[in-house]
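Take a look at the letters that make up each chain.
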Amino acid sequence: MTLLSIILLPMLGALLPFATERYGRTICAYSAALGPLCALGILMGSAVSVFGGHVEYASFAWLPTMGLNLSLRLDGLGLMFALLIVGIGLLVILYARYYLSERDSLSKLYALLQLFMMAMLGIVLSNNLLLLIVFWEVTSLVSFLLIGYWSSQTDARKGARMALAVTGAGGLCLLAGALLIERIVGSFELGAIFAAADTIKADPSYPVILVLVLLGAFTKSAQFPFQFWLPHAMSAPTPVSAYLHSATMVKAGVFLLARMYPALAGTDGWFYIVTFTGMATLLFGAYNALFKHDLKGLLAYSTISHLGLITMLLGFGTQLAVVAAIFHIINHATFKASLFMAAGIIDHETGTRDMRKINGMWKYMPHTALLAMVAALAMAGVPLLNGFLSKEMFFSEALHIESMGMFSWIFPLMATLAGVFSVAYSVRFIHDVFFNGEPIDLPKYPPHEPPRYMIVPVEVLVALCLLVGILPNFTVAPFLDAATLAVLGENKPDYHIAIWHGFNLPLIMSIVAMIGGLLMYSQRTGLFAFYERKFRHDEKIVFESRVQLSVRIAQLFTDFVQNNSLQRYMSLLIGSAIVVIAYSLYPMTQLQGSIPISTVEPVSLLAAIILIVGALGTVLLHHNRFAALLLMSVVGLIVSLIFVRYSAPDLALTQISVEVVTIVLLMLALYFLPQITPNESGAKRVGRDIALAGAAGIGMGLITFAMLTRPYESISDFFLANSVSGGGGANVVNVILVDFRGFDTFGEITVLAIAAVGIYAMLNGLHLPLPQADGEGRTWDKEPHPPILAVMARILLPLALLVSTYLLLRGHNAPGGGFIAGLVTSVALILQYVASGTGWMQERLKWKYRRVAVSGVFIAALTGMGSWFFGYPFLTSTFSHVHWPVVGDFELASAMGFDIGVYVTVVGATMLILAHLGKLAQTSHSPRPPTSKTYTDTQVTRGES
Amino acid sequence: MEVLVAVVIAVLTSCGVYLLLRGRTFPIILGLTLLTYAVNLFIFMSGRLNPGKSTIIGVGEGYTDPLPQALVLTAIVISFAMTAFVMVLALRARAELGNDHVDGRIKVEDVKS
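Reading the values: rules and limits
- Residues numbered from 1 in each chain as written.
- Chains lettered and ligands numbered in written order.
- Predicted model: local features only at pLDDT ≥ 70, side-chain atom pairs only at ≥ 80, totals over all residues.
- Heavy atoms only, no water.
- UniProt positions renumbered as here; feature names shortened; annotations may be inferred.
- Helix = DSSP H or I, 4+ residues; strand = E, 2+ residues; numbered from the N terminus.
- Rg over C-alpha atoms; globule rule 2.2 N^0.38 Å.
- Buried < 20%, exposed > 50% of the residue type's maximum accessible area, 1.4 Å probe, protein only.
- Contact = heavy atoms within 4.5 Å.
- Areas by Shrake-Rupley, 256 points an atom, 1.4 Å probe, with all protein chains shown as cover.
- Lys, Arg positive; Asp, Glu negative; His and termini not counted.
- Charge placed at Lys NZ, Arg CZ, Asp CG, Glu CD.
- 1 Å grid on protein atoms, 1.4 Å probe; cavity = no way out; pocket = protein on both sides within 12 Å on 5 of 7 lines; lining within 4 Å.
- Points joined across faces, edges and corners; volume = space filled by probe spheres on them.
- pLDDT = per-residue confidence, 0-100.
- Expected span 1.5 Å × (residues − 1).
- Arc of directions from axis to C-beta.
- Domains from an automatic or database assignment.
- Buried area = accessible area lost by both parts, 1.4 Å probe.
- Salt bridge = Lys/Arg side-chain N within 4 Å of Asp/Glu carboxyl O.
- Polar contact = N/O pair within 3.5 Å; in protein donor to acceptor, adjacent residues only side chain to side chain.
- Core = buried A, V, L, I, M, F, W, Y, C linked by side-chain atoms within 4.5 Å.

Chain B goes by Na+/H+ antiporter subunit C in an unreviewed UniProt entry, where it is assigned to Gilvimarinus xylanilyticus. UniProt lists a comment for chain B under the heading Sequence similarities (unreviewed entry), and it reads "Belongs to the CPA3 antiporters (TC 2.A.63) subunit C family." Annotation of chain B in UniProt includes, under Subcellular location (unreviewed entry), the sentence "Cell membrane".

Per an unreviewed UniProt entry, chain A goes by Monovalent cation/H+ antiporter subunit A and derives from Gilvimarinus xylanilyticus.

Next comes the structure, spelled out in C-alpha cells:
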C-alpha cells in the first residue's frame, strides 16, 4: 500500500492547486508540494532497507485476464529514479512559482507536472511491463500537454505534436515488443521476464523484440535519428524543460534500457545497436550544441549528447559501464536541471534567450552567474564536480572495449572528440553569457537578480553537484550501489569511486578534451560561419512536410475507398469478401469429397435449366424492370420445387407463399419507380462487375460442390430423437422453431415486427411523383378492379382462411405452422386488396395492422413467460393429451400458443407492409382531378390501416 | 446431381452479385432476392441431398436433417421483411432525392445513352 501511495500522492496532489490558486500563488505552490513531499518521506523511509538489498513488492489485480496487474516493485534502480523524480519535481514546483507570469495559470502547470510525476513514478516502480507501458504513454501525453502549455504559440503546438508523434510511435513499438515478450514468457511481470532471460534471447523473435523495445527507448530518450523532437520541445516553459526534457522523462528511455538490461542485454545485437546509436547521438548532440545561439537550444542538444553517452555506456555491456551509466544519469539530472533553471532565470530577467544578445551577465547577476558557471563546469567534466567522476568512468570503459578487435580504438577516440565538443559548448555557455562584453539591446534592461526563492532550487542542485563531486562515497555511493544491484543482480562488480586514480589514460583523455575544447571555442568565429554555410536545416520543416505527405497519402486512399458512392463500396465489399474467402479456402487440396455423385434425373435437369434461364433472363432483361421481375418469380417457383424434391414440405409452402407476397410487393413498388433502368454503366464497369460476379458464383459453386460431396455430422439426431418425447410434436422442423430454438424464433418475429413498423414510418408522409402511363406509354386503366376477380376472391377468402387455420393447427405434427399459415392468410387478404381496392377493404377491415403485428409478438412473449409461473425458464414448453367429447383425444401443447403469436405477427407485419404500400398507390393515384372532399378523405385515411 | 445443384447455386450467386453491383435501386433489390435464393439453397443443401425422406416422425422411411430446414424457413420470412424494408427505403430515397440511383445522384460522365 505504501508503494501505491507513492504514485497516488502526486495524482491527488494534482487536484489541490486548482482549489488553492485563489488564495495566492505561494499557497498554491505549497499545496502542490504537499503530495510530493509526503511521497518523498515514504521513499526516504524505505531507502535504508533498499540499500540493504531488499526489494519491496506490492501487487493488486487490475485486469488479470490480460496479464495487467497493478504490480509494483521498489528496488535500487527504482528508488534512485524515484528520488530524482520527486526531488527535482519539488524544486521545479518552487521554481515555477516565480518563473510563471501572472497571466499564466499556475494551477494548470502544477496539475500537469504532478500528473507527469505520477506517471513517471509509475514507470520506475512498475513490476509489470504492461503497467509500465501504460504509465509510459501517460508521460508522452502529459509531455504533449506541457510542451503545448502556451497553446497560443504556433511553435509550442507544432513542437508538442512532433514530440507526441515521435514518442507515441515509439510507445507503440514498445507495446508490440512487450506483447512478443509475453508470448514467450507467458507473463508481463518483470520477475518472470528476468527469470526467462535466456529463453527470450534464444527465441527466433529476439531480434524483433530487441529492435521494438529499443525503438521505444530511443524515441523517448531522443537518440539519433529520433533526436529532432527534443530541441523543439523547448517551446515549453523552462520548468518543464528542466524537469521533463532533461532530468526525468527523457531518462525514461535509458531507464527502460537499464530495466530490461537483465532480460535483453548481453548479445551482439544489443552491443552494436545500443552502442553505435549512443555514439552517434553523443557526437551529433555535442557537435550541434556548440552552434546553437538559443540558450535552451544549446542545453537541449547537450542533453541529447549526454543521453547518447548513457546509452553508449549501457550498450558496452560491461558491469562497470552499467555503474557509470547509472552514475551519469544522476549527475546529468542534477547539473542539467540547474542549468535549465539558470537559463530560465536569465530568460526571465533579460527577456531573451539569444546568446548573441546576452553578454556580460556577471556584472548584473553575479549570484546566478556563479551557480550557472559551477553547473556548466560539471557539464564540461571539470574535476571536483560530479560530471568529472562519471565522465572519467566513461573514458575508462571506452578504453576497455575490445569486442571490435582492431577497430576498438574508435570508442576512446570518439569519446574524447565528444569530450572536446562538450567542453567547448560549456565554455561557450559560461563565456558568451556571463562575460564577452556588454549585452546588446535586451528586451528588459537592466537585468538584475531574480526573486530570492527562485535561486534556491538552483543552489540546492549545484550544492549536490559539488557534494557528489568532492565526497562521492559519503553521498551518492549507497544509491549507486543499490541501483547497480538491481540491474546487475549477483554480478555486481567491486568498484570504487575516487577523484584521483593516478595519472592514467582516462585523465589524459580528460586533459585533451579540456585543452581541445578551449582551443575549439577560441576558433568559434570561423566555426560558426562554417556551420551557418553548411548545416542549416530545420527539422520542423522536414517533419511538417512528412506529416503533410502522409496526410495526402491518407487522403488519396480515403478518396479511393470512400468516394461517397455506395456502388463503389459494394464492389469493394464484395471484392474483399471474395479475397478473404479465397485466401482461407486456398489450403483445400481436394475438391471432391468421399460421397459418390448421384445421377441426374431428367426432370431435375429441366427444372434447373428453367431456373438458370430465369436467373440469366433477369440479369439480361434488367433494364426492362417488369420483365425482369416476372422472370425472377420463375426462379422463386423453381426454388420451392427444389424444396419439394428434397423432402422439405414446410420450406416449399413457405417459399411459395413468400414468393407471391414478394412479387406483389415489388410490383406495387415498381409502380412508383421508373419502368426502365437507363444503360449507364461503361464497358469497364460492366467488365469489372462480371468478373466479380463470376468469381463470387464460381466460388459459391465450388464450395457447394465440396460441401455436398463430404460426409458430415449433425446435431439433428438429438432433435429427431427428442421431438416427440420432449416437444410433443412429430414435425421436427416446427418443433425446432417453436420449442428447441423458440427463443431464436421469438427474436425473428420481433425483427419482422420492427421491420414492418420501420416501413410504416418510412411510408408515412411519403409523396412520390405519380406515373400517368406504364413503361410503354399506355395510360393506366381507369377501372382497376375487374368484377370477376373480385367475386372469385371473395369466394376464396373463407376457404383460404380455413386452409390457413388448418395449417396452423396441424403445424406441430405435419407440414404447416405459424409462419406458413400467416403467409397464406396474408395472401388471401392481399388478394382482396388487389381485387376490390384498398378503400373497399378499409371499410370492412378496420384493423390497425401495426397493432396486430405487435400483439403477435406479445402473445408469443406471454406464452413464453407463462412457464415462469411454473418455475421454469422462459419459453419452456409443455404438452398434454386432452379428451374432448365428440372430437376425441387430442394433444394440446403450450407451443401452440407461441405458434399463434408467430402467426399473428406474420399476418400483421405482411399486411402492414403491403396494405400501406397499396394505399400509397390507391390514395395517390386518382383518375379524377382531386376535389377538396377526396383530399380530406385522403387526410383522414392516411393514419388508418 | 451434386454438380447440378452447385451450378444452380453458382448461377444464382453470379446473377445476384452482378445485379447487386448496379447503380439503380430496383435491379439491386432483384439481385438481393436472387442472392437470397442462393444463400437459402446453400444452407438448405448443407443437410445434403435427401430425396424421398421426411422430417416428420413416423412418416416415410428415413429422416433428413431438419435443422437446416428450420434455419431456412425463418430465413425466407426474414429476407422477405428485408426485401420489403429495402424496397420502401428505395421509394423513400427516390422521393427525397428525386432519382433512384444508390449514390443519390446521377453522375453525368457515367451516362452512356
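From this point on, the discussion continues.
Draft legend 1. Summary view of the overall build of chain A. Counting its secondary structure elements, chain A contains 40 helices and four strands. Its C-alpha radius of gyration of 42 Å places chain A more than 25% over the 30 Å reference for a compact globule of 945 residues. The C-alpha extent of chain A, read off along each of the three principal axes, is 120 × 65 × 60 Å. For chain A, with 945 residues in total, the buried portion stands at 54%. Residue pairs in contact within chain A that sit at least 24 positions apart in sequence constitute 79% of those at least 6 positions apart. Looking at chain A as shown, the accessible area adds up to about 40200 Å², and 70% of this sits on carbon and sulfur atoms. Of the charged side chains in chain A, 54 are positive and 52 negative, and the gap between their average positions amounts to 10 Å.

Draft legend 2. Representation of the overall build of chain B in the model. Summing up its helical and strand segments, chain B has three helices and zero strands in all. When its helices and strands are written in sequence order, chain B yields α-α-α. Compactness check: chain B gives a C-alpha radius of gyration of 19 Å against a globular reference of 13 Å for 113 residues, more than 25% above the reference. The C-alpha extent of chain B, read off along each of the three principal axes, is 60 × 30 × 15 Å. The burial tally for chain B puts 67% of its 113 residues in the buried class. Long-range contacts, defined here as pairs at least 24 residues apart, represent 52% of the contacts in chain B between residues at least 6 apart. As presented, chain B carries roughly 3600 Å² of accessible surface, and 66% of it is formed by carbon and sulfur atoms. One finds the centroid of the 9 positive side-chain charges in chain B at a distance of 7 Å from the centroid of its 8 negative side-chain charges.

Draft legend 3. Representation of empty space enclosed by the protein within the structure. On inspection of all chains with the given rule, the structure shows seven cavities of 30 Å³ or more. Along the walls of the largest cavity sit Gln655, Val658, Glu659 and Thr662 of chain A together with Thr33, Thr36, Tyr37, Asn40, Ile76, Ser79, Phe80 and Thr83 of chain B, which together make up its complete lining. Elements with a contribution of two residues or more to the lining of the largest cavity: helix H30 (649-670) of chain A together with helix H2 (25-45) and helix H3 (66-97) of chain B.

Draft legend 4. Looking closely at the confidence of the model for chain B. Summary statistics for chain B give a mean pLDDT of 88 and a share of 93% for residues scoring 70 or more. In the model, residues 109-113 of chain B has pLDDT below 50 throughout and makes ten contacts with residues more than four positions away in sequence or in other chains.

Draft legend 5. Summary view of helix H27 (residues 566-585) of chain A. With 20 residues, H27 of chain A extends 28 Å from end C-alpha to end C-alpha; this agrees with the ideal 28 Å at 1.5 Å per step. Of all the residues in H27 of chain A, the buried ones are Gln567, Ser571, Ile574 and Gly575 of chain A. Within H27 of chain A, the buried residues cover an arc of 100 degrees as seen down the axis, which keeps them to one side. Within H27 of chain A, the exposed residues directed more than 90 degrees away from the buried face are Leu573, Val580, Tyr583 and Ser584 of chain A. Against helix H31 (683-708) of chain A together with helix H1 (2-20) of chain B lie the buried residues of H27 of chain A.

Draft legend 6. Structural context of the domain arrangement of chain A. Per the domain assignment, the segments of chain A are domain 1 (267-522) and domain 2 (730-945). A C-alpha centroid distance of 87 Å is found between domain 1 of chain A and domain 2 of chain A.

Draft legend 7. Just the interface of chain A and chain B, in detail. The interface is formed by 114 residues belonging to chain A together with 83 residues belonging to chain B. Of the roughly 8900 Å² buried where chain A meets chain B, counting both sides, 76% is carbon and sulfur surface. Joining chain A to chain B, the criterion identifies three salt bridges. Among the salt bridges present, the one from Arg24 of chain B reaches Glu680 of chain A, with a minimum N-O distance of 2.7 Å. At the boundary of chain A and chain B, one finds 26 residue pairs in polar contact (both at pLDDT 80 or more). Examining the composition of the side of chain A that touches chain B, we find that 16 residues originate from one element, H31 of chain A, more than from any other.

Draft legend 8. Structural context of the UniProt feature "transmembrane region" (unreviewed entry) in chain B. Residues and elements named next belong to chain B. Taken from the UniProt record, the annotation "transmembrane region" (unreviewed entry) applies to residues 6-21, 28-47 and 67-91. Helix makes up 90% of residues 28-47 and strand 0%. Its end C-alpha atoms lie 29 Å apart. Note that residues 67-91 is 100% helix and 0% strand, and that its end C-alpha atoms are spaced 36 Å apart.

Draft legend 9. The arrangement of the environment of Val433 of chain A in detail. All names here are of chain A. By the element assignment, Val433 lies in helix H20 (residues 410-434). Here Val433 falls in the buried class, since its relative accessible area comes to 0%. Ignoring sequence-local partners within four residues, the contact set of Val433 consists of Leu295, Ile346, Met355, Ile358, Asn359, Gly360, Met361 and Arg428.

Draft legend 10. The environment of Phe284 of chain A, seen in detail. Residues and elements named next belong to chain A. Considering the arrangement of structural elements, one finds Phe284 in helix H14 (residues 268-291). Separated by 17 residues in the primary sequence, Phe284 and Tyr301 place their C-alpha atoms 8.2 Å from one another. Leave out the neighbours within four places in its chain, and Phe284 touches Phe224, Gln227 and Tyr301.

Draft legend 11. Structural context of the nonpolar core. Membership of the largest hydrophobic core comes to 205 residues, with the highest contact counts inside it found for Trp229, Met260, Leu264, Trp270 and Phe316 of chain A. In contact with Trp229 of chain A, not counting residues within four places along its chain, are Met162, Ala163, Val166, Thr167, Thr219, Lys220, Ala222, His245, Met249 and Val250 of chain A. By size, the runner-up hydrophobic cluster in this structure holds 127 residues, among which are Leu611, Leu766 and Leu845 of chain A together with Leu49 of chain B.

Draft legend 12. Region of the structure containing the environment of Val211 of chain A. Residues and elements named next belong to chain A. By secondary structure assignment, the location of Val211 is in helix H10 (residues 206-220). Residue Val211 is classed as partly exposed on the basis of its relative accessible area of 40%. Remark: the alpha-carbon pair of Val211 and Gly177, spanning 34 residues in sequence, is separated by 8.1 Å.

Draft legend 13. Quick look at unusual backbone geometry. All names here are of chain A. Of note, the amide linkage connecting Phe224 to Pro225 takes the cis form, showing an omega dihedral of 0 degrees. Structurally, the position occupied by Pro225 is in the loop between H10 and helix H11 (229-232). Non-glycine residue Leu384 carries a positive phi angle of around 75 degrees. Tracing the chain through its elements places Leu384 in the loop between helix H18 (366-380) and helix H19 (386-400).

Draft legend 14. View of the pattern of salt bridges. Scanning all chains against the criterion turns up 18 salt bridges over all chains. Here Arg24 of chain B and Asp100 of chain B are joined by a salt bridge, their closest N and O atoms 2.5 Å apart. Taken together, the residues Arg24 of chain B in the loop between H1 and H2 and Asp100 of chain B in the segment after H3 connect sequence positions 76 residues apart. We classify Asp100 of chain B as buried; its relative accessible area is 3%. Put simply, Arg625 and Glu680 of chain A together with Arg24 and Asp100 of chain B are held in one network by salt bridges that share partners.

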